[in-house]
Amino acid sequence: MRALLQKYTNYLIFFILLILLIALKVVNPSFVKSISFLSFDLYQKVFPLKKDDSNVVIIDIDEKSLGKFGQFPWSRSIFAKIIEKVNSAEPKAIGFDVFFTEKDKQSPEEIIKAYNLVPTDVLNLQSIKGHDEIFGEALANSNSVIAVLGSNVPSHSNYERSSKARFLSKGGNPKNFTYTFPYSIGSLEKLEKSAKGLGSISFLDQTDGIIRSIPLLVRLNEKLFPTMGLEMLRVGEKQKNLFVELNEVGISKISSRPHKIISDPNGIIWIRYKKKQKDQYISASSVFDGKFEESKFKNKYVLIGASAQGLFDLVKTPLGGSTIPGVEVHANVIENILDQTYLIRNPNTYLFELLFSIIVACVTFFFSQKIKPKYSLSIFFGSFISVVIIGFSIFLFRSELVDISYPIFVLTATFLTGLYFRFIEENKIALSNLQKEAKLLKERELAGEVQKS
């Protein structure tokens, strides 16, 4: 038994190491996740999505617009006019990646309050229609969607808001699988009631701050809300319902006719980003002045958001390089759903990664013990290239994310371990041969002395 154990010590240590590495993947701490994210980002950096045109237009609150209208937030009358201008071109839907949490300070009632004016002295001012009312009417007369955000702290302007979409589910309750926030942040109640839709702009926390995925559904104060992109598609197609299909592990599919989206069990899709298109943006000041062609917005999904540096709505993406405005993330989500180019992280892929890592590690270690190091090195590089080819092939042809970084990490760790054991074994053999040669040399010397005597 002892001899057998001594003979296979290398393999025993290898299996212990392999079990530890697989257990580390199963536990999946933050540093292991960051390793996986490296390969997910690499796919998009090597093969970024290419698009010549888009069904999404972004009205940009940029430096030029701030120069024209002054500091943000602007008067609601400005947004009302922008909606009216865009609406005349018959867009599919208009979405605001902006909050309107407080009353417009330039409205007549707010001016009276700010300057402590006596109501009897400003009868004419009181008769003027308020900017919030004007903006609310503009929202009501368009296919408009206003943003809501999940929060862990209550908002001072909070009320019992509900989603505009009606959820129909099959196979279970989607609330049991969605990400949840105890509170929500949104706009004034009368503005939200005027809008056709309420869309979540909640992102998932990432350790490195890169926005890779987005929940299509979130639970805010025990009520389901769709993400901004999904809600804009629902409103644009004039649908009332969102259909959610579930299986034994969670959410499998979310539909807003005619669009069907395959998601992970928590209702998440991974965003495939395209390179920035400058012609997708148009300055808010240009829209306000009517300096655009109707074809720019006709049958398009229009998002209104900020790229101005001072408004701090900039995020990082897997493409690297400079940051992009947060509103562009939602634009990519809409494009992904329309073109079916979003990425999938299938739960079964996780099991495939574990099994594949085990097979590759075992094969590499076995050959590292049986053949010469220079040949085992070719086995290692062959396995390495195979992992990379499989990962990129599944990404390109199935739009699925396979973690190649962890199998490569396991492969490298086991190969180096095998190489170390082989080095120790070769050293033992070399020492044994040296001892034998020394013994033979001594015997020859003795034999020579005997012959001489």
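Quantities reported herein were computed from a predicted structural model and do not represent experimental measurements.

A.B. asks: Any chance you could break down the environment of Pro-318 for me, citing the residues and the numbers?
C.D. replies: Tracing the backbone shows Pro-318 in the loop between strand E17 (314-315) and strand E18 (324-325). C-alpha separation for the pair Pro-318 and Gln-44, spaced 274 residues apart in sequence, amounts to 6.8 Å. Among residues more than four places away in sequence, those in contact with Pro-318 are Asp-41, Gln-44, Lys-45, Ile-210, Ile-211, Arg-212 and Tyr-273.

A.B. asks: I'd like a rundown of the side chain of Asp-60, residues and numbers included.
C.D. replies: Within the element layout of this structure, Asp-60 appears in strand E1 (residues 56-61). Not counting chain neighbours up to four residues away, the residues in contact with Asp-60 comprise Ser-65, Tyr-281, Ile-282, Ser-283, Ala-284, Gly-305, Ala-306 and Ser-307.

A.B. asks: Go over the packing of aromatic side chains, please, and point to the residues and values.
C.D. replies: Evaluation of the coordinates by the stated rule reveals 24 aromatic pairs. Ring centres 5.1 Å apart and planes at 55 degrees place the aromatic pair Phe-14 and Phe-15 in the tilted group. Judged by relative accessible area, which is 2%, Phe-14 ranks as buried. For the pair Phe-96 and Phe-135, a centre-to-centre distance of 5.7 Å together with 85 degrees between the ring planes defines the contact as edge-to-face. Of this pair, Phe-96 sits in strand E2 (residues 93-96) while Phe-135 sits in helix H8 (residues 131-140), and the two are 39 residues apart along the sequence. Just as Phe-96 is buried, Phe-135 falls in that class too.

A.B. asks: Can you explain helix H5 (residues 76-87)? Please cite residues and give values.
C.D. replies: Counted at 1.5 Å a residue, the expected span for H5 with its 12 residues is 16 Å, and the 16 Å between its end C-alpha atoms agrees. Along H5, the positions that sit buried rather than exposed are Arg-76, Ile-78, Phe-79, Ala-80, Ile-82, Ile-83 and Val-86.

A.B. asks: Lay out a nonpolar patch on the surface in plain terms, naming residues and giving numbers.
C.D. replies: Together, Leu-42, Val-46, Phe-47, Leu-396 and Phe-397 line one region of the surface with nonpolar side chains, adding up to about 470 Å² of accessible area. Contributions of two or more residues to the nonpolar patch are made by helix H3 (30-46) and helix H14 (373-398). Inspection of the secondary structure puts Phe-47 in the loop between H3 and E1.

A.B. asks: I'd like to hear about the sheet that holds strand E9 (residues 217-220), residue by residue, with values.
C.D. replies: Strand order in the open sheet made by the three strands is E5-E9-E10, with mixed pairing throughout. The sheet terminates laterally at strand E5 (179-181) and strand E10 (223-226), the two strands that pair on one side only. Each strand of the sheet is rotated relative to its neighbour by a mean of 35 degrees, with strand direction disregarded. Both E5 and E9 contribute to a ladder of three bridges, which runs parallel. In the strand pairing of E9, Thr-180 is matched with Arg-219.

A.B. asks: Go over helix H13 (residues 347-370), please, and point to the residues and values.
C.D. replies: Taking 1.5 Å as the rise per residue, H13 with 24 residues should run 34 Å; its terminal C-alpha atoms sit 36 Å apart, in good agreement. Listing the buried residues of H13 in full gives Thr-349, Glu-353, Leu-354, Phe-356, Ser-357, Val-360, Ala-361, Thr-364, Phe-365, Ser-368 and Gln-369. A distance of 2.9 Å separates the backbone nitrogen of Asn-348 from a side-chain oxygen at the start of H13, and that oxygen is part of Asn-346.

A.B. asks: I'd love a proper account of the sheet that holds strand E4 (residues 166-170), names of residues and values included.
C.D. replies: Pairing is mixed across the open sheet formed by four strands, whose spatial order is E4-E11-E12-E13. Edge positions in the sheet fall to E4 and strand E13 (259-262), since each has one partner strand and no second. Taken over all neighbouring pairs, the strand axes of this sheet differ in orientation by 20 degrees on average, direction set aside. Here E4 runs beside strand E11 (residues 241-247); their pairing, made up of five bridges, is parallel.

A.B. asks: Can you tell me about the pattern of salt bridges, naming the residues and giving the values?
C.D. replies: Where charged atoms from two side chains of opposite charge come close, those side chains can pair. Tallying each qualifying case throughout the model produces 15 salt bridges. Salt-bridge contacts for Asp-132 lead to Arg-76; the nearest nitrogen and oxygen are separated by 2.6 Å. Separated by 56 residues along the polypeptide, Asp-132 in helix H8 and Arg-76 in helix H5 bring together distant segments of the chain. Here Asp-132 matches Arg-76 in class, with each residue buried. The shortest N-O distance in the salt bridge between Glu-400 and Arg-398 comes to 2.9 Å. Assessed through its relative accessible area of 10%, Glu-400 is described here as buried.

The rules behind these values
- Residues numbered from 1 in each chain as written.
- Predicted model: local features only at pLDDT ≥ 70, side-chain atom pairs only at ≥ 80, totals over all residues.
- Heavy atoms only, no water.
- Helix = DSSP H or I, 4+ residues; strand = E, 2+ residues; numbered from the N terminus.
- Contact = heavy atoms within 4.5 Å.
- Phe/Tyr/Trp six-rings, centres within 6.5 Å; stacked < 30°, edge-to-face > 60°.
- Buried < 20%, exposed > 50% of the residue type's maximum accessible area, 1.4 Å probe, protein only.
- Expected span 1.5 Å × (residues − 1).
- Patch = residues over 30% accessible without salt bridge, like charges linked within 9 Å, V, L, I, M, F, W, Y side chains within 5 Å.
- Areas by Shrake-Rupley, 256 points an atom, 1.4 Å probe, with all protein chains shown as cover.
- Salt bridge = Lys/Arg side-chain N within 4 Å of Asp/Glu carboxyl O.
- Pairing = 2+ DSSP bridges.
- Axes fitted to C-alpha atoms, helices over the stretch in contact; angles between N-to-C directions.
- Polar contact = N/O pair within 3.5 Å; in protein donor to acceptor, adjacent residues only side chain to side chain.

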